[in-house]
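Secondary and tertiary structure notes
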Amino acid sequence: RFGIFIENVEKINRLNAENSGVKFAINKFADLTATEFTAQYASSYFPKTNKRFVEANSITLPEENLPASVDWRNKGAVTPVKDQGKCDAGWAFSTTGLLEGFYFINNGKLLSFSEQQLVDCTSRSFGCLGGYPASAVNYAAKNGLELEDDYPYTAKGGKCKYDKNKAITVAGGYKFLTPKSAEQLKAALVNSPVSVVVEAGDAFQLYKSGVVTKDCGAKVDHAVLAVGYEKVDGV
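These numbers come from a predicted model, not from an experiment.

Quick look at helix H7 (residues 182-189)
Listed in full, the buried residues belonging to H7 are Gln184, Ala187, Ala188 and Leu189. The inward-facing, buried residues of H7 abut strand S2 (70-71), strand S3 (194-198), strand S5 (222-226) and strand S6 (228-229).

Given below as structure tokens:
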């Protein structure tokens, strides 16, 4: 394990030397290999969405006159950062973050919704082995979501304990944006936080600060929540 740590320290030094504008550093993942990190924290079963289905449910947003920056955290629409633990449930956290933002925008109140309910109860997903935000949004729209306090997170899959009497009605429906389009993502972020799928590679495992501009990876295996944008050093 110490040998892996030393290899990662060497990788951190190399990445920092090769990249300007972004910093990599030792963190709690620094004694894991890249394979172990992906296996423990990214989705082993990340479903590929049917291309025809995506095209039928896609939208192109106007990109004119976008504000210079957006940060939904400052507007009160984002809960403090949550920890998925060693459970490939990024898809569930991405979904609750999205729906928490929508609930705040529509009702003026920030609630923390239950990821565990999605992990345990969403059909067409694999619990701690992975899932897809679109399926989770469909489930939440049909059944509502309980609060985190009522259905707490355990970082492992379990039997569905959903109680409809405690469920809160949340927004339903979604649209897909043009993949890899920064301008379309910005246009969407003007309206609300956005669920985004990415590759959880070196840029995630050893990241500290700054803007990653290369070697981001294109193998989708993790879902996150985009909460805003700004220009940093011209990027």
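Describing the packing of aromatic side chains
Using the criterion set out here, one finds seven aromatic pairs in the structure. Judged by centre distance (5.0 Å) and plane angle (70 degrees), the ring pair of Phe29 and Tyr41 falls under edge-to-face. Residue Phe29 is found in the loop between strand S1 (22-24) and helix H2 (34-41), and its partner Tyr41 is found in helix H2; the two are separated by 12 residues along the sequence. Exposure class is identical for Phe29 and Tyr41. Each is buried. Taken together, a centroid distance of 5.6 Å and an interplanar angle of 75 degrees make the contact between Tyr174 and Phe176 edge-to-face. For Tyr174, a relative accessible area of 22% puts it in the partly exposed group. Phe176 gets classed as buried once you look at its relative accessible area, which sits at 14%. Aromatic rings pair up to connect Phe29, Phe37 and Tyr41 into one cluster.

Conventions and cut-offs
- Residues numbered from 1 in each chain as written.
- Predicted model: local features only at pLDDT ≥ 70, side-chain atom pairs only at ≥ 80, totals over all residues.
- Heavy atoms only, no water.
- Buried < 20%, exposed > 50% of the residue type's maximum accessible area, 1.4 Å probe, protein only.
- Helix = DSSP H or I, 4+ residues; strand = E, 2+ residues; numbered from the N terminus.
- Contact = heavy atoms within 4.5 Å.
- Phe/Tyr/Trp six-rings, centres within 6.5 Å; stacked < 30°, edge-to-face > 60°.

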